[in-house]
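# What the coordinates show
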Amino acid sequence: MIIAHLSDLHLDGGTRAEDRVAAVMGYLRGLAEPIDAVVVTGDIADHGAAEEYARAAELLKHPAPVLVCPGNHDVRAAFRTGLLDLPASGEPIDLAQEVGGVLFALCDSTIPGRGAGFLADETLEWLDGVLSGGDGPAFVAFHHPPVEVGIPLVDAIRQAGSERLAAVLGRHPRVTALLAGHVHTGAATTFAGVPLRIAPGVVSGSLLPVEPGADRGWADGGPLEYDRPPALLLHVLHDDGRVTSHHRTVPL
């Protein structure tokens with residue numbers, strides 16, 4: 001199984017973000033063999049506006065299932081109606097879908113009106129139940145990483161209360177990997193003994209403190225790179241349960 005993993009599209013009604021998303025989706029459609037799923041880990045819209053989700057629905061069309069979860073820039077009600085064709089609601093957006101015998105559990109780690117993340121008790125209860133429904137491989141996705149990654153900008157607004165998630169994962173060894181976004185850079189680490197893969201940002205890239213420009217203030221664009229080409233991860237799920245993740249940049 002090959003899974004395309006995108007994050008942080010930040011569609012805002014402008015052509016810059018749209019062109020970058022279109023380039024990534026064009027790259028996926030041009031692959032020699034079809035991929036099995038596309039996972040988008042949040043911040044699909046920049047302002048959470050209905051028109052941003054309408055455009056996202058068009059740009060993200062693909063023959064494979066496209067699985068989405070919200071990020072801190074998304075708005076739950078508009079996300080539901082614009083991307084999921086569901087009634088508007090402010091409740092957490094937790095979705096599960098099986099693709100080719102592999103479970104994808106997408107969790108809502110957002111706190112409406114805030115940049116930081118947290119998995120509500122109801123989301124963790126839902127996740128525990130979904131993972132109890134079988135023993136095949138499973139991916140758990142959310143926007144906010146549950147660990148620090150070495151970039152102060154996002155470490156300050158990572159997923160809090162992560163020990164509760166660790167307890168759930170400890171009961172379900174079927175979880176092959178965790179998929180996240182939020183950081184705007186591709187990264188690989190572990191959480192609770194499970195591989196954690198963080199997708200690069202489609203809209204921009206973030207800088208480690210040791211990189212030139214990381215000390216810029218927000219008036220100068222902040223510790224972000226806007227000239228970096230859009231990028232994504234391609235995860236290969238092997239027959240022995242391993243996951244190999246390949247970082248790809250896409251020319252504009």
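Up top you'll find the structure we're talking about.
Residues numbered from 1 in each chain as written. Predicted model: local features only at pLDDT ≥ 70, side-chain atom pairs only at ≥ 80, totals over all residues. Heavy atoms only, no water.

Moving on, we get to the overall build of the protein chain. Along the backbone of the protein chain there are six helices and 15 strands. Relative to a compact globule of 252 residues, whose C-alpha radius of gyration would be 18 Å, the protein chain shows 17 Å and is just as compact. On the principal axes, the C-alpha backbone points of the protein chain span a range of 50 × 40 × 40 Å. Within the span of the protein chain, comprising 252 residues, buried residues form 50% of the whole. Excluding contacts between residues fewer than 6 apart, the proportion of contacts in the protein chain whose partners are at least 24 apart in sequence is 65%. Carbon together with sulfur atoms contributes 53% to the accessible area of the protein chain, which is approximately 10700 Å² in total. (Helix = DSSP H or I, 4+ residues; strand = E, 2+ residues; numbered from the N terminus. Rg over C-alpha atoms; globule rule 2.2 N^0.38 Å. Buried < 20%, exposed > 50% of the residue type's maximum accessible area, 1.4 Å probe, protein only. Contact = heavy atoms within 4.5 Å. Areas by Shrake-Rupley, 256 points an atom, 1.4 Å probe, with all protein chains shown as cover.)

Turning our attention to the pattern of salt bridges. Taken as a whole and assessed by the stated rule, the structure comprises seven salt bridges. The partner of D108 in a salt bridge is R76, with the nearest N and O atoms 2.9 Å apart. Of this pair, D108 sits in the loop between β5 (102–106) and β6 (117–118) while R76 sits in helix α3 (residues 76–83), and the two are 32 residues apart along the sequence. The burial state of D108 is the same as that of R76; both residues are buried. (Salt bridge = Lys/Arg side-chain N within 4 Å of Asp/Glu carboxyl O.)

What follows covers the pairing of strand β10 (residues 187–191). Here β10 pairs with strand β11 (residues 194–198) via five bridges, running antiparallel. The partner of T189 across the bridge, within β11, is L196. Taken together, β10 and the strand that follows it, β11, pair antiparallel across an intervening segment of two residues, in which A192 is found at a positive phi of about 50 degrees. (Pairing = 2+ DSSP bridges.)

What follows is about the environment of R164. Here R164 is to be found in helix α6 (residues 162–170). Contact partners of R164, with chain neighbours within four places excluded, come to F118, L119, A120, D121 and L124. A distance of 2.5 Å separates a polar atom in the side chain of R164 from the backbone oxygen of L119. (Polar contact = N/O pair within 3.5 Å; in protein donor to acceptor, adjacent residues only side chain to side chain.)

Take helix α1 (residues 15–29) next. Taking 1.5 Å as the rise per residue, α1 with 15 residues should run 21 Å; its terminal C-alpha atoms sit 20 Å apart, in good agreement. Where α1 is concerned, the buried positions are A17, E18, R20, V21, A23, V24, M25 and L28. Elements that come into contact with the buried residues of α1 comprise β1 (2–6), β2 (37–41), α2 (50–59) and β14 (231–237). (Expected span 1.5 Å × (residues − 1).)

What follows covers the sheet that holds strand β9 (residues 175–180). With respect to topology, six strands assemble into an open sheet ordered β4-β5-β7-β9-β11-β10, the strand pairing being mixed. The sheet terminates laterally at β4 (95–99) and β10, the two strands that pair on one side only. Pairs of neighbouring strands in the sheet enclose a mean axial angle of 25 degrees, with direction left out of account. Each of β4, β5, β7 (138–141) and β9 touches helix α4 (residues 121–131); the most contacted strand, β5, lies at about 175 degrees to it. Relative to the sheet, α6 contacts β9, β10 and β11, its axis offset from that of β10 by approximately 75 degrees. (Axes fitted to C-alpha atoms, helices over the stretch in contact; angles between N-to-C directions.)

One finds L6, L9, V21, L28, V40, L60 and L232 to be the most contacted residues of the largest nonpolar core, which totals 29 residues. Counting residues per element, the ones that place at least two in this core are β1, α1, β2, α2, α3 and β14. Residue contributions to this core peak at six residues, all from α1. The contacts of V40, once residues within four sequence positions are left out, are L6, L9, L60, V66, L67, V68 and C69. In terms of nonpolar packing, the next biggest core, distinct from the first, is built from 24 residues, L127, V140, V154 and L196 among them. (Core = buried A, V, L, I, M, F, W, Y, C linked by side-chain atoms within 4.5 Å.)

We now examine the side chain of D94. Assignment of secondary structure puts D94 in the loop between α3 and β4. No salt bridge is formed by the buried D94. Its closest oppositely charged neighbour is R80, at 7.2 Å. Within the local environment of D94, its side chain forms a polar contact with the backbone nitrogen of D108, the two atoms lying 2.9 Å apart. In terms of polar contacts, D94 uses its side chain to reach the side chain of T123, at 2.8 Å. Discounting residues that sit within four places of it in the chain, D94 has contacts with L106, C107, D108, T123 and W126. (Lys, Arg positive; Asp, Glu negative; His and termini not counted.)

Moving on, we come to the packing of α4 against α6. The description of two packed helices rests on the angle between their axes and on the distance between the axes. Running from N to C, α4 and α6 point in directions that differ by 15 degrees, and their axes come no closer than 10 Å. Here α4 lies roughly parallel to α6, going by the angle between them. For the element pair α4 and α6, the recorded crossing hand is right-handed. Each of D121, L124, L127, D128 and L131 in α4 lies in contact with α6, whose residues at this interface are R164, L165 and V168. Grouping the constituent residues of the contact of α4 with α6 by class yields five nonpolar, no polar and three charged. (Parallel < 35°, antiparallel > 145°, perpendicular 65-115°, else oblique. Left-handed = near helix turned anticlockwise from the far one by under 90°. Nonpolar A, V, L, I, M, F, W, Y, C, P; charged D, E, K, R; others polar.)

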